[in-house]
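# A structural walkthrough
Spelled out, the chains give:
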Protein chains: 2
Amino acid sequence: MKAGILCVGTELVTGLIRDANAYFFSQRLVEKGVFPKFVMFVPDEKEDIANGLTFLLDDPEVEVIIVSGGLGPTEDDFTKEVIAELLGRKLVFDELTWKKICQFYWNLRKTEPPENNKKQALIPEGATVLPNELGTAPGLKMEMRGKTIFVVPGVPREAEFFWSVIAGEIHAGGSSFYRTKILKFCGIGESQLATLMKPFLASLPEKVRFAFLPNYGEVWFYLYASEAGHQRREELDRLVEEVANIYGDFLFSPYGDTLEEAIGKILRERRLKLAIAESCTGGLLGDRITNVPGSSDYFERGYVVYSNRAKVEELGVPKEILEVKGAVSEEVACLMAQRAREKAAADIGMGITGIAGPTGATDTKPLGLTYMAVADERRVEVKKYQFGGDRLMNKRFASQFALSMLFLFLRGRG
Amino acid sequence: MKAGILCVGTELVTGLIRDANAYFFSQRLVEKGVFPKFVMFVPDEKEDIANGLTFLLDDPEVEVIIVSGGLGPTEDDFTKEVIAELLGRKLVFDELTWKKICQFYWNLRKTEPPENNKKQALIPEGATVLPNELGTAPGLKMEMRGKTIFVVPGVPREAEFFWSVIAGEIHAGGSSFYRTKILKFCGIGESQLATLMKPFLASLPEKVRFAFLPNYGEVWFYLYASEAGHQRREELDRLVEEVANIYGDFLFSPYGDTLEEAIGKILRERRLKLAIAESCTGGLLGDRITNVPGSSDYFERGYVVYSNRAKVEELGVPKEILEVKGAVSEEVACLMAQRAREKAAADIGMGITGIAGPTGATDTKPLGLTYMAVADERRVEVKKYQFGGDRLMNKRFASQFALSMLFLFLRGRG
């Protein structure tokens, strides 16, 4: 089965915002065995939306079309009008949808919605309304020329919310494209891993393809078969197991989908509490750790000791060390990890200090220099990194390598 | 002038990698006064590439087409074959290009290139070769049916390299697209703002278009003219000023591009120090504040008081209040803001406490319930929100509305 994705929004074609929905739906469709053949972005103009949609409707292979965006309450939102016109149907006011919009609005802002929200309750005749639990614009499902069209809001969280509905409606056939779960590694580079895995890659059966995808310090390895079917699925499962057995040292994905989840799983299983102290990452490490549901089971607290004064006052880092060694130093990273652990009465402590940039470099300490440390009751481990990105990238890299370090520390701790 | 962008790659339509080139070229084209009308991703299949390109060639308004990807040395790279066929031209071996490929290969790997690289020296007859300084695949420029087609490699670094060449070849005429700066609002909903702005929108001159874009609690409003020119530019500047004058209460963009920057600008100008205490956001608020370069000038520190014990030990929130009112309460939010401010000896304190979910709700406190407070030396302000998203969305919303609240508090403080 093949699909087309149409994202509506002048903000997308002009690069005002970066696409998230096409990227999300592409991945979900592939997992579901549906190949996304075309992805299109069109501006908020009636004719352009119509032309894009017609292109997808004209393709003989495309069976499912996902349209996102252009469902807002304002005058530049045309998606439903265009679809109704293409399908030769009227837009009708749906009372039930309007009630839901009013209810949603009341919960959020304690007032009635303005008049223009009524537009969001207009539905093309014959369309199935898919209720939106996260916003005012409902999703739609329609059949046209033998194809199924799903229409969802452009707000990424809302678009993603509708995936479970769409997934339930798609029934991919036997000749579908099939991909396994990705195997995710940390603490090892892409070419190192590829070299290590050479014998395995040489032994792969025909029609099984592989790819390495470096991802901010993680390496994602995936295997897929260009033809699927039950047998092929079993073969891939066996190969995944083989990879995990032979090359599992740096593999975190059996513990969870993300590194944060993998860490959380270990901490929860072993009933360990974590405290962190961050400087250059400014809270990003805590944010990522607490993205995992139930992280309050193991995440005790965090100290965002951004200033030197905060490092002294909150964690008792001696002033002399800050003066002699500097805030970005091995010593300070270790003290941050140890003191955070002690002060919070936690089992594991982690500290990060670095120069995110674009300013703050010195003669001996370049931009991107970062130290991170992990401590438990017996020891403290410290690592030094030199990142080469801009401010946001260096923050992201620092949090990523800190999570890698924490994961490997916890695994090594036994 | 209008443009189309075609990105070739199965890795793009399947979401294996996230698009970077279309996003990059869209922004550059807009800056250059060219409106990118359509963006398309197609897989590495001859027919799909041909269909995508034909769609763009058939559009009467598109004058410039940028094609990226499918220029590699391997068997799944078809872009040049497809283009040559569509144009009815032969592919010819270009000696000069081959010499450059050999030279590049030698510099990098100190060997001759493999035989399959010869494919990269094949050029459609009549095409202009654009030398690639960062890789082996050359860029191309061709004229067809009154349109100019640029073909560049898919590797983002290399694609970006070619922009300066493309930019030099595009001469956006008098009929080009021109967009103003966006006006960003916070603390008001999209439909509320649209209602408020109705008289202004009704008074807009012909050919000036507008759009509202809700963005996680912010609303972005932008104005653009479908025809540019010096006069039109001045007209838009005047309209932007008009919006700022009439509807400026919730406007933050004159202070900075992002809300974080707008806040930073005010704090720096007034030499104020900020301390924050976060619970449900887990560090996200600190992360966002410290995304702004130079935020160490005003961001003193943050407390990620995730557990109740942390709230008591770090901020002195009385146990009794936590027991009677609960951690997610007006009282605790206020105390977090005030105590963070006092303990850090800062000027402004902010506190957030809420239930991000999916667990943690009680009979009286539903998922998504969030309190946030801002305090200065004179007063403390508190707000209650009921968010309806999943965990990540609630965290994101909480941080967003906290920034909105902080911005409006700082502005109101005078």
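Cut-off values and rules
Residues numbered from 1 in each chain as written. Chains lettered and ligands numbered in written order. Predicted model: local features only at pLDDT ≥ 70, side-chain atom pairs only at ≥ 80, totals over all residues. Heavy atoms only, no water. Contact = heavy atoms within 4.5 Å. Buried area = accessible area lost by both parts, 1.4 Å probe. Salt bridge = Lys/Arg side-chain N within 4 Å of Asp/Glu carboxyl O. Polar contact = N/O pair within 3.5 Å; in protein donor to acceptor, adjacent residues only side chain to side chain. Helix = DSSP H or I, 4+ residues; strand = E, 2+ residues; numbered from the N terminus. Pairing = 2+ DSSP bridges. Axes fitted to C-alpha atoms, helices over the stretch in contact; angles between N-to-C directions. Parallel < 35°, antiparallel > 145°, perpendicular 65-115°, else oblique. Left-handed = near helix turned anticlockwise from the far one by under 90°. Core = buried A, V, L, I, M, F, W, Y, C linked by side-chain atoms within 4.5 Å. Buried < 20%, exposed > 50% of the residue type's maximum accessible area, 1.4 Å probe, protein only. Domains from an automatic or database assignment.

### Details of the interface of chain B and chain A
Facing 84 residues of chain B, the contacting portion of chain A comprises 82 residues. The contact between chain B and chain A buries some 7,100 Å² in all, and 55% of this surface belongs to carbon and sulfur atoms. Here Asp287 of chain A makes a salt bridge to Lys395 of chain B, at a shortest N to O gap of 2.8 Å. For the pair chain B and chain A, the number of links is 45 residue pairs in polar contact (both at pLDDT 80 or more). The dominant element in the side of chain B that touches chain A, judged by the number of residues it contributes, is strand 2 (residues 35-42) of chain B, at 8 residues.

### Here's the deal with the sheet that holds strand 1 (residues 2-8) of chain A
Read from one edge to the other, the open sheet built from 12 strands follows the order 6(A)-7(A)-8(A)-3(A)-1(A)-2(A)-2(B)-1(B)-3(B)-8(B)-7(B)-6(B), with strand pairing classed as mixed. Strands at the two margins of the open sheet, each flanked by one partner only, are strand 6 (128-130) of chain A together with strand 6 (128-130) of chain B. Mean inter-strand twist for the sheet, computed between neighbouring axes without regard to direction, equals 20°. Of the strand pairs in this sheet, strand 3 (residues 62-68) of chain A and strand 8 (residues 147-152) of chain A are connected by 5 bridges, and their pairing is parallel. By the bridge assignment for strand 8 of chain A, Ser68 of chain A is matched with Val152 of chain A.

### Looking at the packing of helix 3 (residues 46-58) of chain B against helix 4 (residues 79-87) of chain B
Residue and element names in this part refer to chain B. The interhelical angle for the contact between helix 3 and helix 4, taken along N-to-C directions, is 50°, at an axis separation of 9 Å. Between helix 3 and helix 4, the angle falls in the class oblique. Of the two elements, helix 3 crosses helix 4, and the hand of that crossing is right-handed. Of the residues in helix 4, those in contact with Lys46, Ile49, Ala50, Leu53, Thr54 and Leu57 of helix 3 are Thr79, Val82, Ile83 and Leu86.

### Topic: the nonpolar core
Formed by 74 residues in total, the largest nonpolar core has its most connected members in Ile348 and Met350 of chain A together with Ile348 and Met350 of chain B. Among the elements that take part in this core, helix 16 (residues 391-413) of chain B stands out by supplying 11 residues, more than any other. Setting aside chain neighbours within four positions, we find Met350 of chain A in contact with Ala275, Ile276, Ala277, Leu285, Ala337, Met372, Ala373, Val374, Ala402, Met405 and Leu406 of chain A. Counting residues in hydrophobic clusters, the runner-up holds 54 residues, among them Phe55, Val67 and Leu140 of chain A together with Leu6 of chain B.

### Observations regarding the domain arrangement of chain A
Residues and elements named next belong to chain A. Split into domains, chain A comes out as domain 1 (2-169), domain 2 (176-251) and domain 3 (259-413). Distance from the C-alpha centre of domain 2 to the C-alpha centre of domain 3: 31 Å. Taking both sides of the interface into account, the surface hidden between domain 2 and domain 3 amounts to around 800 Å²; carbon and sulfur atoms contribute 61%. Its largest share of buried area at the contact with domain 3, domain 2 owes to Cys186, Tyr216 and Glu218, together 63% of the area lost on that side. Taken together, domain 2 and domain 3 are joined by 0 salt bridges. Counting across the domain 2 and domain 3 interface gives 4 residue pairs in polar contact (both at pLDDT 80 or more).

### Describing the sheet that holds strand 17 (residues 380-386) of chain B
Strand order in the open sheet made by the 10 strands is 17(A)-16(A)-15(A)-13(A)-14(A)-14(B)-13(B)-15(B)-16(B)-17(B), with mixed pairing throughout. On the outer flanks of this sheet lie strand 17 (380-386) of chain A together with strand 17 of chain B, each paired with one strand and no other. Ignoring which end each strand starts from, the neighbouring axes of this sheet average 10° apart. Relative to strand 14 (residues 299-304) of chain A, strand 13 (residues 274-278) of chain A runs parallel, the two being bridged by 5 bridges. Of the residues in strand 14 of chain A, the one forming a bridge with Ala277 of chain A is Tyr303 of chain A.

### Focus: helix 11 (residues 259-269) of chain B
Residue and element names in this part refer to chain B. Among the residues of helix 11, those classed as buried are Leu259, Glu260, Ala262, Ile263, Gly264, Ile266 and Leu267. Its buried side turned inward, helix 11 meets strand 10 (183-186), strand 12 (218-225), strand 13 (274-278), helix 12 (284-289), strand 15 (348-354) and helix 16. Count one or two residues on from helix 11 and you reach Arg271, which has phi positive near 50°.

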